[in-house]
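One letter stands for each residue in the lines below.
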Amino acid sequence: MPPEDPHFAQAPARAYAAAAATPARPAPAKFASAAEALHTVFGYESFRGEQAAIIEQLAGGGDAVVLMPTGGGKSLCYQIPSLLREGTGIVVSPLIALMQDQVDALNAVGVRAAYLNSTQDPGTRASVEQAYLAGELDLLYIAPERLGTEQAKQFLARGHVALFAIDEAHCVSQWGHDFRPDYLALGELAERWPDVPRIALTATATDATHKEITSRLHLQRAAHFVSSFDRPNIQYRIVEKNEVRKQLLDFIRTEHAGDAGIVYALSRATTEKTAAFLQANGVNALPYHAGLDAGVRARTQSRFLREDGIVVVATIAFGMGIDKPDVRFVAHIDLPKSVEGYYQETGRAGRDGDPSTAWLAYGLQDVVQQRRMIDSSPGDIAHKRRMAAHLDAMLALCETVECRRVNLLSYFGQSSAPCGNCDTCLAPPASWDGTVPAQKLLSTVVRLRRERNQSFGAGQIVDILRGKQTPRTSQHKHEALATWGIGADLSDQQWRGVVRQLLAQGLLASTGDYGTLAMTDAGAEVLSGNRAVSLRTEPERTASRSTRSSKQAAALSDLSPAGVELFEALRAWRSETAKELGVPAYIVFGDATLRAVASATPRSLAALDGITGIGAKKLEAYGDALVTVVSAFAPAG
Ligand code: ADP
Ligand code: ZN
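Chemist: Looking at this structure, I do not really get the overall build of the protein. What am I missing?
Modeler: Within the protein one finds 30 helices and 17 strands. Taken against the 2.2 N^0.38 rule, which gives 26 Å for 637 residues, the C-alpha radius of gyration of the protein at 28 Å falls within 12% of a compact globule. For the C-alpha atoms alone, the extent of the protein along its principal axes is close to 95 × 65 × 45 Å. Counting across all 637 residues of the protein, residues that qualify as buried make up 52%. The contacts in the protein between residues at least 6 apart in sequence include a share of 72% that link residues at least 24 apart. Of the accessible surface of the protein, which amounts to about 26800 Å², a share of 53% is contributed by carbon and sulfur atoms.

Chemist: Help me understand the environment of Leu38, please; the structure alone is not making it clear to me.
Modeler: Here Leu38 shows up in helix α3 (residues 34–42). Judged by its relative accessible area of 2%, Leu38 is buried. As for Leu38 and Pro355, which are separated by 317 residues in sequence, their C-alpha atoms are 25 Å apart. Setting aside residues no more than four positions away along its own chain, Leu38 makes contact with Gly43, Tyr44, Glu45, Ser46, Phe47, Leu76 and Ile80.

Chemist: What should I look at first to understand the coordination of the zinc ion (ligand 2) in this one?
Modeler: Each donor-metal-donor angle in an ideal tetrahedron of four donors is 109.5 degrees, and each such angle in an ideal octahedron of six donors is either 90 or 180 degrees. Listed as protein donors to the zinc ion (ligand 2) are Cys403 (SG), Cys419 (SG), Cys422 (SG) and Cys425 (SG); their distances from the metal cover 2.3 to 2.4 Å. Its four donor atoms give the zinc ion (ligand 2) angles of 103 to 119° at the centre, a pattern that matches the tetrahedral case. We note that the donor set of the zinc ion (ligand 2) lies within a single chain, spaced as C-x15-C-x2-C-x2-C. Remark: Cys419 occurs in the loop between α18 (404–411) and α19 (423–426) and Cys403 occurs in the loop between α17 (381–399) and α18; sequence separation between them is 16 residues. What makes Cys403 buried here is its relative accessible area of 7%.

Chemist: Quick question: what am I supposed to make of the side chain of Gln51 here?
Modeler: Within the secondary structure, Gln51 is located in helix α4 (residues 51–59). In terms of polar contacts, Gln51 uses its side chain to reach the backbone carbonyl oxygen of Gly73, at 2.9 Å. If we ignore the near neighbours within four places in the chain, the residues touching Gln51 are Gly72, Gly73, Leu76 and Cys77.

Chemist: Sorry, what's going on with the packing of aromatic side chains here?
Modeler: Throughout the structure, instances matching the rule amount to twelve aromatic pairs. When the centroid spacing of 5.1 Å and the interplanar angle of 65° are considered together, the rings of Phe164 and Trp193 count as edge-to-face. With Phe164 in strand β5 (residues 161–166) and Trp193 in the loop between α10 (189–192) and β6 (198–202), this residue pair connects regions lying 29 residues apart in the sequence. Given a relative accessible area of 0%, Phe164 falls into the buried group. Since its relative accessible area comes to 3%, Trp193 is described here as buried. Plain terms: the ring middles of Tyr236 and Tyr343 are 6.1 Å apart, the flat faces sit at 20° to each other, and that makes the pair stacked. Taken together, the residues span a long stretch of sequence, with Tyr236 in strand β8 (residues 234–240) and Tyr343 in helix α15 (residues 339–346) at a distance of 107 residues. Site record: aromatic cluster; members linked through ring pairs are Phe229, Tyr236, Tyr342, Tyr343, Tyr411 and Phe412. Lying across the ring of Trp193, Arg192 places its NZ or CZ 5.9 Å from the centre. The ring of Phe304 has Lys324 lying over it, and the distance from NZ or CZ to the ring centre is 5.5 Å.

Chemist: Could you clarify how one ought to interpret the state of the cysteines in this entry?
Modeler: What we call a disulfide is simply a covalent bond connecting the sulfur atoms of a pair of cysteines. Counted under the stated rule, the structure contains zero disulfides. For the unlinked cysteine Cys398, the closest cysteine sulfur is that of Cys422, found at 13 Å. The class of Cys398 is buried, set by a relative accessible area of 3%.

Chemist: I would appreciate a short explanation of the packing of helix α20 (residues 435–452) against helix α21 (residues 458–466) in the present structure.
Modeler: Packed helices, taken two at a time, are described by their axes: the angle between them and the distance between them. It is the contact of α20 with α21, at a shortest axis distance of 10 Å, that shows an interaxial angle of 110°. Compared by their axis directions, α20 and α21 come out roughly perpendicular. Crossing hand, α20 versus α21: right-handed. Every residue of α21 that contacts α20 at Lys440, Leu441, Thr444, Val445 and Leu448 is listed here: Ile461, Ile464 and Leu465. Residue composition of the contact of α20 with α21, by class: six nonpolar, one polar and one charged.

Chemist: What is the right way to look at the site of ligand 1 in this model?
Modeler: Among the 14 residues in the neighbourhood of ligand 1, the closest are listed as Tyr44, Gly71, Lys74, Ser75 and Arg351. At 2.9 Å from a nitrogen atom of ligand 1 is found a main-chain nitrogen or oxygen belonging to Ser46. For ligand 1, whose free accessible area comes to 570 Å², the fraction covered by protein is 81%. Looking at the shell around ligand 1, the element that brings in the most residues is helix α5 (residues 74–84), giving three residues. For the shell around ligand 1, the class distribution of residues is four nonpolar, seven polar and three charged.

The rules behind these values
- Residues numbered from 1 in each chain as written.
- Chains lettered and ligands numbered in written order.
- Predicted model: local features only at pLDDT ≥ 70, side-chain atom pairs only at ≥ 80, totals over all residues.
- Heavy atoms only, no water.
- Helix = DSSP H or I, 4+ residues; strand = E, 2+ residues; numbered from the N terminus.
- Rg over C-alpha atoms; globule rule 2.2 N^0.38 Å.
- Buried < 20%, exposed > 50% of the residue type's maximum accessible area, 1.4 Å probe, protein only.
- Contact = heavy atoms within 4.5 Å.
- Areas by Shrake-Rupley, 256 points an atom, 1.4 Å probe, with all protein chains shown as cover.
- Donors = N, O, S within 2.8 Å, 3.2 Å for Na, K, Ca; no water.
- Tetrahedral: all angles 85-135°; square planar, octahedral: opposite > 155°, others 65-115°.
- Polar contact = N/O pair within 3.5 Å; in protein donor to acceptor, adjacent residues only side chain to side chain.
- Phe/Tyr/Trp six-rings, centres within 6.5 Å; stacked < 30°, edge-to-face > 60°.
- Lys NZ or Arg CZ within 6 Å of the ring centre and 35° of its normal.
- Disulfide = S-S within 2.5 Å.
- Axes fitted to C-alpha atoms, helices over the stretch in contact; angles between N-to-C directions.
- Parallel < 35°, antiparallel > 145°, perpendicular 65-115°, else oblique.
- Left-handed = near helix turned anticlockwise from the far one by under 90°.
- Nonpolar A, V, L, I, M, F, W, Y, C, P; charged D, E, K, R; others polar.
- Near = heavy atom within 4 Å.

So this is what it looks like as C-alpha cells:
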C-alpha cells in the first residue's frame, strides 16, 4: 500500500491481525478489478449505463453525485467500490425496515454486510460493532439519525471507512416532497473524513434538488452522473375516473392477474375500502397506511416482499426504498400531488426491466378536492404557491394530448421523442375546439353570480346547461336563466370533462368547502372571444394489451412451451427455498435468472456458469438444486 494512500495515513494501526485471528470469518480476497467483482460476486456480465464510470470515480477516491432512475442499478455503484477499497463502506439508508433485506441479499452473494439500527438488541449490536472494528465487514448500513450523533462518529472513526454512500439523497432537500431533517447533518462527514470518498444517490431529482444535494452534502468536488430518467419498460396510462374500484379491478383482472402490485390512494379509509373490495373479488390485496399498528404494517410489507402476487393498497407511506424487483404494476386511484412524487411512486414498478404498467385514474373530483386542500392548508402564501405549481404540472400531464413520457421527462429537464409505449402514443386522443362549450359554461357561472349573487359546484352548473329539472333547480328557479338548456348537445359525462379541463387549464377556479366554481381572469378572455380553448377527447378505450402477467411474459419470451413449464417448476422451487430460508424469493434468484435457466436447461454446474445472476456464492449454494430441478424436469437424451 503506497504511503500516500489516505487510508494508510488515517488509520495506520488498523487491526488486520484481529481479522486474521478469527478463523470463522477469513478475510476474503479483495478483487483485482470491478469487472471481476461484478462477475464473481453478482454473476453479471457487463455494467449498465454509467455504473463502470461511477465505480471508477469512487474506487479512485473521488466523490460522486448520482441521479439514476429506480431500477437503474444504483446499489452496485457503492457496493463494488466497497469491495475494492480497504475498509468498510458505510451506507446511509433512511428505512430501517428494509435494512434486513438489503443485508440478506448481500450475504446471499457472499458479501460481508451488516446493519446497525434501533431495532436490534444490545448483544447483536455489540457483535456488529465488533466485526466493524475488526475489519470484517465490507458494508455497514446505518440510519441517518444514528450517524448524526457524535457517539456514532467516534465509533466509526475507530475503524476504517472505505467510503460513505448516502442513499435517497433527495431527503436532504427542504423544498422537496420527502425532507428528513436528519439528512442535514450528513454534510459534516466531509469535514470529519476529508479523504474518504462520498457518493450521494437518488432517483428523484429536478435541477433544484440536484443543486441542493450538492451544496448541503458538501459535494462541491464531486463528479456528477445524470442518467436518462426514462423507464422504457413501464407503460404510462391515465384514464378518466368514473367507477374507480370497478375500473381498477378490471385493469388488474385483464392485465395483471396474479401479479404483485401497489395501489396508491390519498386517504386511509380509501385504502381499506379498496383492499376489501379487491379481496371480495378474488385479488390478494392488503391495506397499508400510517394508522395501522406497526406490527401489522411490518407483516404486510414482509408478505409483499416474500409472497408472490400480493397487491398492497397504500397511502404514500408505503414503498420508499422497497427493493422488490418484480412489482408489475403501480396504480393511482387518486391524483398524486406532484409529478415528482408520481414519478417516484410509478418507478417502483418493473425494476427488473420486464414490462410493467403505471395506471392512473383521475377525475373532476380530484381537481376540486386538491385545490380545496391547498386553499385550506396551514402554510404561508409561498408554500401554497408551490403546492399549486406542483398540482398544475400534474394536471398538465393528465390532460396532455402528447406523449406522456415526453411530458414527464421534460419535467426533469430531459428531452425525448414520442415513446410508443404510453396511452397517448398507442391511442392518440383527438383534441377538439371547445371554445363554444367553454363560453356556455363560463357564461352560466358569471350569470349566476351577477344576476343571482349565487355560486354553485359543477353538478348544478351541468344540470342548468343540460336543462335538467331537479328539486334544486326548481327551488332556485334556474330554468329562468338565459343559459338554461343551451348545452343539451353534450352528455353529463362530457360536461364534467369540460369542467375538469377548464379547471386544469386555469380558466375556472374552484373555491370554498363546496368546490363552487368561479371564472378566472384567463377565463374572462375566453368569454369575451379573445382566447380559444382546445379540449381533449377521451378515447373510448385507452387500454392496450401490451403488458402481461409474469407467466404470460415468460410464455411470450423465447421460451418453448416446455421451457415455460420448466420456468414454473423453477419458480415453485424458488418459492419453497425462500420460505425455508425466510427471505424474499428474489433474494434467491430473480425472474430473469430463472428464465435464462429454463432456456439453457443446464445439466451440470459447469453449464450454469455464465448465466446472468449466478455468481460464485449462489452457484455453490443453489447450483446442485437447480441442476436437479432441470434434470428431473427434462432428463437428458
Ligand atoms: P436502484 O437502486 O437503482 O433502484 P438496484 O441497484 O436495486 O437499482 O438494481 C436493480 C436491479 O438490477 C437489481 O435486481 C440488480 O441486481 C440489477 N442489476 C444492477 N446492475 C446490473 C448489471 N450490471 N447487470 C445485470 N443486472 C444488474
Ligand atoms: Zn408515449
